[in-house]
Amino acid sequence: MDESVATRSRPSASEPKSSAFDLLAEPVRRWIWRRRWTGLRDIQEQAIPRLMHADGDLILAAATAAGKTEAAFLPLISQVHEDHSGPGFDLVYIGPLRALINDQFRRLEDLCEALKMKVHPWHGDIPAIRKRRARENPRGILLITPESLEALFVLRGVEIPRLFATTRAIVIDELHDLLDSERGVHLRSLLTRMELAVGRRIRRIGLSATLGDMALASAYLRPEAPDRVEQLISRAYRSELRVELRAYASSQPADRTFLDEDEDGGRGNASAPGAVGEHIFENFRGQSNLVFAGSRREVESYSDVLRTISERKRIPVEFFPHYSGLTREHRNFVEKRLKEGKIPTTAVCTSTLELGIDIGSVDCVGHIGPPWSVASLRQRLGRTGRRPGQPAVLRMYAVVPQLHARLRPVQLLQLGLVRSIAMIDLLVDGWCEPPAKDALHLSTLTHQILSVITERGGASAQRLYDTLCIRGPFRTVDTQVFASLLRQLGSLDNALIEQASDGSILLGRQGERIVEHYSFYAAFQTPQEFRVVHRSTALGTIPVTIPLSKGMTIILVGKRWRIEFIHFRERTIEVETDTRGAPPIFGGYPGAVHDTVVQRMRDVLSDEAMPPYLDSVAQEVLIAAKAAYRQSALEDRPLVRLADDRYLLATWTGTIKSMTLAIVLTALGNSVEVFDGMLEVSPLDPDIDLVDQLKAIATGQVNLSSLVKVGEGVLEFEKFHRFLNTDLLAIDALSTRLDLDAVPEIARLCVGPLD
DNA sequence: GACCTGCTGCGGTATG
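Conventions adopted
- Sequence positions are assigned chain by chain, starting from 1 and proceeding in written order.
- Chain letters start at A and ligand numbers start at 1, both assigned in the order the entries are written.
- Selection of residues for local features in this predicted model requires a pLDDT of at least 70, selection of side-chain atom pairs for listing and counting requires 80 or more, and totals for whole chains, interfaces and linings are taken over all residues.
- The basis for every side-chain value is the complete set of heavy atoms in the structure, and neither hydrogens nor water enter the calculation.
- Where helices and strands are cited, they refer to DSSP runs of H or I of at least four residues and of E of at least two residues respectively, numbered from the N terminus.
- Burial status follows relative accessibility: with a 1.4 Å probe on protein chains alone, a residue under 20% of its type maximum counts as buried, one over 50% as exposed, and anything between as partly exposed.
- Under this rule, positive means Lys or Arg and negative means Asp or Glu; His and the chain ends count for nothing.
- Only one rule defines a salt bridge in this text: a Lys or Arg side-chain nitrogen within 4 Å of an Asp or Glu carboxyl oxygen.
- Polar contact criterion, stated in full: a pair of N or O atoms within 3.5 Å, where within protein one must be able to donate a hydrogen and the other to accept it, and residues adjacent in sequence count only if both atoms are side-chain atoms.
- Residue contacts are defined here by distance: any two heavy atoms, one from each residue, within 4.5 Å place the two residues in contact.
- Boundaries between domains were set according to an automatic or database domain assignment.
- As a working definition, buried area equals the accessible area (1.4 Å probe) given up by two parts on being put together, with both sides summed.
- As a working rule, the residues Ala, Val, Leu, Ile, Met, Phe, Trp, Tyr, Cys and Pro are called nonpolar, Asp, Glu, Lys and Arg charged, and the rest polar, with Gly in that last group.
- For the purposes of this section, nonpolar cores are sets of buried Ala, Val, Leu, Ile, Met, Phe, Trp, Tyr and Cys residues that join through side-chain atoms within 4.5 Å.
- A residue's pLDDT is simply how confident the predictor is in it, with values from 0 to 100.
- Note on pairing: two strands pair once DSSP finds at least 2 bridges between them.
- Axis definition: a line fitted to C-alpha atoms, over the contacting stretch in the case of helices. Angles run 0 to 180 degrees between N-to-C directions.

To continue, consider the environment of Ser504. Tracing the sequence through the fold places Ser504 in the loop between strand E14 (497–499) and strand E15 (505–507). A relative accessible area of 19% means that Ser504 is categorised as buried. A C-alpha to C-alpha distance of 41 Å links Ser504 and Asp213, two positions 291 residues apart in sequence.

As structure tokens, this is what we get:
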């Protein structure tokens, strides 16, 4: 870990010399000197004078392990040391993961001990007695999660002004993860409420690795004054990037077990995923690596393939699955092997290992299938190439439909491979998705309405609006929407809120029940799950939505099992070992691919250029896809009639706009399938004329918003949505997941000039 | 055609 903080020298080295260093408090300088750093990191040199000489908001953006935490804390701690005025926490650090808070605690503990400054880690695993002591004698540094901070507001509302009376700064780690998400909006609401409680502005410092749009990031850190947020961006320690994209043609249906010995008899004529497994086995073995797969199901499949190959070759297994559904014990086992780096280990994982805890630098990042976003791809690549002179290595695998087989026109375009290429190209260009903006977040607003009422023991409608929508982050919610939200929450059979005779708003009976339970503190939803157990040893969990039955075989933790008993009431499944099994389908709502990615995909299909990082199969597949694109005539007109009265409709937009048009066309009596940048449409009734429908949409003759309300399944996707009516759900969805305004223009492009 | 994240107070009983 020392290496991740600053360059170490030989014992003979002298004290680091820089003007930034001289600004730090004497005991901090002494601590650095004792640790024999030869110098400060680039981001530290930049940040120290800004933090010591001013009190403005600041974003520190630099690569993982570039020393951002110290860049913020060395000067802030120096300031506190020279001018402490308690009681109250002097500094607050907000981290999105418990493990991250534990990591930061260990890093700050030693320095703070030297300065006789207290550090208080505070999250769900910290014993209540420790939290009580911190609350009774608040000083030093508080390291806390957004949810634990929420719990403080709900349970200790009256103590908030005292706890944060002297707070100088709030450091927000992994800022990119807390922008326009439910959690990000929740946190920003808490920060505003904290300032309102103490009656003054508190400096905000955001730490981040990946930020697509720095101006938007400033607006999120300080909505009322984004221009006054200073940004320090360190481009030091950027390493060379080496990319390879390999394609594997498969004729197998996707839901088959990838390497079933009963089918191929172990003779090696494996399916394409089996061949991907063989390549990973040969090229990743003996090192530390991460292999990202698109879903938990794929993680299980490839873990099973890699375990089977290892056992067949009588080699100790060094490939392990890692995702949130597996037990803490198993995940710790994999993380510890990666962190210590003594035994070769490859984690096959979902986004669990994308950010947060420090697992050191891995040799290579593998990626099976196209990523969901360029931002996430960049974050994943940040796990490799972190040692000086070490390149970042990315091996991407695309499993594509077999060439020359009888494929549907949309399959001939090989959109999976094309998306992988588009995303790699955008990554190299330095582009990544900007955070969504202008979303209403009515679910999180409901959460915060209940929280503010509890904190203050009741509040007027005006005060709630002022706190949350004028001062706080819900700025796109106007008074009309806010009033109808309050009416809705008060009008339910079991009202969440009610109005007292003096006009103030209080919690209703159901509101009280919800706020009193500890599950209230998180603003995001958690699905219900079954625990899977083998002879009293827990293996992991799977969502209750998966259809399961006794005798069924499944793959879990990369091994094969047979279901013996399902205890529905206890939500537990007992399993025994088996030789067969397929990974469960975990389900979920599909991710949204950005407009810019789809536009680049169109360029990849229409350009002559051949990316240099493709293997020979990928080249062949791309050449065929380009030819199919030219033959499809999609380049000249976006609407192409296929056989069987079906149509291919190119929107050339990202998922949100394509999905909105799909919902409208479905409501008009068509069967619609959504792909990247295009729809396959089949009218269900021979009397339906799709061209006429598109003309009507283009000229505004169809009432789009009334059609969207039909798709209610699409509208409920956040924790408190179940308390809202269809009108509120629709305007919330239209602010984030749907885009009705874009639909007429797409329709117009499809049907050409209108008379 | 997806992934991840978080969580308190109190009452019961056993032990020194």
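There's plenty left to go through after this.
Looking now at the side chain of Arg337. Residue position: Arg337 is located in helix H15 (residues 328–340). Buried and unpaired, Arg337 has no salt bridge, with Glu318 as the nearest side chain of opposite charge at 6.0 Å. There is a polar contact of 2.9 Å between the side chain of Arg337 and the backbone oxygen of Pro344. Contact partners of Arg337, with chain neighbours within four places excluded, come to Val317, Glu318, Phe320, Lys342, Ile343, Pro344 and Thr345.

The next subject is the domain arrangement of chain A. As assigned here, chain A comprises domain 1 (18–233), domain 2 (241–407), domain 3 (442–521) and domain 4 (528–589 + 637–751). Taking the mean C-alpha position of each, domain 1 and domain 3 sit 29 Å from one another. Surface buried jointly by domain 1 and domain 3 totals about 1,600 Å² across both partners, of which 60% is contributed by carbon and sulfur atoms. The largest per-residue losses of area from domain 1 upon contact with domain 3 belong to Val154, Arg193 and Leu196, which jointly make up 34% of the total buried on that side. Of the charged contacts in the structure, one is a salt bridge between Glu455 and Arg193, with a shortest N-O distance of 2.9 Å. Counting across the interface, domain 1 meets domain 3 through six residue pairs in polar contact (both at pLDDT 80 or more). Of all the elements in the fold, those that place two or more residues in the side of domain 1 that touches domain 3 are helix H8 (146–155) and helix H10 (182–198). Ranked by the residues each element gives to the side of domain 1 that touches domain 3, the list is headed by H10, at nine residues. Of the residues that constitute the side of domain 1 that touches domain 3, the class distribution is eight nonpolar, four polar and six charged.

Our focus in this paragraph is the nonpolar core. Leu445 and Ile449 are the most contacted members of the largest nonpolar core, which has 64 residues in total. Discounting residues that sit within four places of it in the chain, Leu445 has contacts with Leu468, Cys469, Phe474, Val477, Phe482 and Leu485. One finds Leu394, Cys432, Met601 and Val640 within the second-largest nonpolar core, a separate group that totals 56 residues.

A word on the confidence of the model for chain A. Overall, the prediction assigns chain A a mean pLDDT of 89, with 93% of residues at 70 or greater. For chain A, helix H1 (residues 2–5) is the element with the lowest average pLDDT, namely 38, and strand E4 (residues 141–144) is the one with the highest, namely 98. Within the model, the stretch residues 253–270 combines pLDDT values under 50 with 30 contacts to residues more than four positions away or in other chains.

Our next topic: the sheet that holds strand E18 (residues 553–556). Pairing in this open sheet of five strands is mixed, and the strands run E17-E16-E20-E19-E18 from one edge to the other. In the strand order of this sheet, the two ends are held by strand E17 (537–543) and E18, each with one partner. Going from strand to strand, the sheet's axes swing by 40° on average, the running direction of each strand aside. Sheet topology places strand E16 (residues 529–534) next to strand E20 (residues 572–577); three bridges connect them, and they run parallel. Pairing of Arg531 across the sheet is with Thr572, part of E20. Of the strands in this sheet, E16, E17, E18 and strand E19 (559–567) are in contact with helix H14 (residues 296–312), which crosses E19 at around 130°.

Another aspect to go through is the sheet that holds strand E13 (residues 392–401). Spatially, E8-E13-E12-E9-E11-E10 is the arrangement adopted by the six strands of the open sheet, whose pairing is parallel. The two strands at the open ends of the sheet, each matched to only one other strand, are strand E8 (241–250) and strand E10 (319–322). Geometrically, the sheet is characterised by an average inter-axis angle of 20° between neighbouring strands, direction not taken into account. Where strand E12 (residues 364–368) meets E13, four bridges bridge the pair, whose relative direction is parallel. Its bridge partner being in E13, Ile368 is matched across the sheet by Tyr397. Each of strand E9 (288–293), E10 and strand E11 (345–349) touches H15; the most contacted strand, E10, lies at about 130° to it. Helix-sheet contacts for helix H18 (residues 415–429) involve E8 and E13, and the interaxial angle to E8 is about 175°.

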